[in-house]
Amino acid sequence: MTLEGTNTYIYGADPCVVIDPGVEDAGHLGRVRAAAAARGGIGTVLVTHSHGDHISGADRLGAPVVQPGDGEVHGGLTARATPGHAADHVVFLAADGVCFSGDLVLGLGSTIVPPGGNALAAFMDSLALLQAEDLALICPGHGPWITDPAAKLAEYVEHRQMRERRLVDSLDAGERSRAALLAAVWDDVPPELLPMAAMAMEAHLEKLEGEGRLPADLRP
Ligand SMILES: [Zn+2]
């Protein structure tokens, strides 16, 4: 879900790297090309993950498009594998404590972690990985820059832990209906967002199952 456009970043110079070139929009890509030309041209186009709103314009910039593996360094940025929002997600860390976070952490709201492949457990590990870095600034894929990374990361962790706590409480109280669990635990969610909440709940149930904490007799 794109609440607003994707943020494209240009880092370094002679040559620079472009991070998440965004959609195939001629005006946007023209501005990226011009800004990059002023910095000695594009060495590499880096992508945080393979969702279309981040990469569909990537092939139009006339530079190699790379999604690095964990630990690879390109243009002074170190890639770290941070699965959760997407299985192939990476963030880019600069030496000065700047993190280009893609959709792992957003400037506004919380990010989607779909069920499948125990993505939520991976997501929590990815947040812990960032918490262990001494970050000064997070530049997210959507929304404004995050100038207090520690507070934002704590908020992200606490938000998911709060849902998990309430879900486990409801399960402990004997609730086995998915519909009732959703209504009880995501009671602050407006009706139009309940399908998203149901997806979030499946991701939580999958995580509990992976930890051997899910009762076997859940119902629709
Ligand atoms: Zn995405």
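Going by the structure above, here's the rest.
Residues numbered from 1 in each chain as written. Predicted model: local features only at pLDDT ≥ 70, side-chain atom pairs only at ≥ 80, totals over all residues. Heavy atoms only, no water.

Draft legend 1. How the structure looks around the sheet that holds strand β3 (residues 42-46). Read across the sheet, four strands follow the order β1-β2-β3-β4 without closing on themselves; strand pairing throughout is mixed. Strands with a single pairing partner mark the edges of an open sheet, and in this sheet they are β1 (9-11) and β4 (65-66). Bridge count for strand β2 (residues 16-19) against β3 is four bridges, and the pairing is parallel. Bridge pairing in β3 places Val-18 opposite Val-45. Strands in contact with helix α1 (residues 26-37) are β1, β2 and β3; relative to β1, the strand with the most contacts, it is inclined by about 15°. (Pairing = 2+ DSSP bridges. Helix = DSSP H or I, 4+ residues; strand = E, 2+ residues; numbered from the N terminus. Contact = heavy atoms within 4.5 Å. Axes fitted to C-alpha atoms, helices over the stretch in contact; angles between N-to-C directions.)

Draft legend 2. Quick peek at the environment of Leu-182. Within the fold, Leu-182 resides in helix α5 (residues 178-185). Take Leu-182: its relative accessible area is 14%, and that puts it in the buried class. As for Leu-182 and Leu-194, which are separated by twelve residues in sequence, their C-alpha atoms are 8.3 Å apart. Other than its neighbours up to four places away in sequence, Leu-182 contacts Asp-187, Leu-194, Ala-197, Ala-198 and Met-201. (Buried < 20%, exposed > 50% of the residue type's maximum accessible area, 1.4 Å probe, protein only.)

Draft legend 3. α5, seen in detail. Looking only at α5, the buried set comprises Leu-181, Leu-182 and Val-185. Buried residues of α5 fall within an arc of 100° about the axis and therefore sit on the same side. In α5, those exposed residues whose orientation departs by more than 90 degrees from the buried face are Ala-179 and Ala-183. Against α4 (149-172) and α6 (194-210) lie the buried residues of α5. (Arc of directions from axis to C-beta.)

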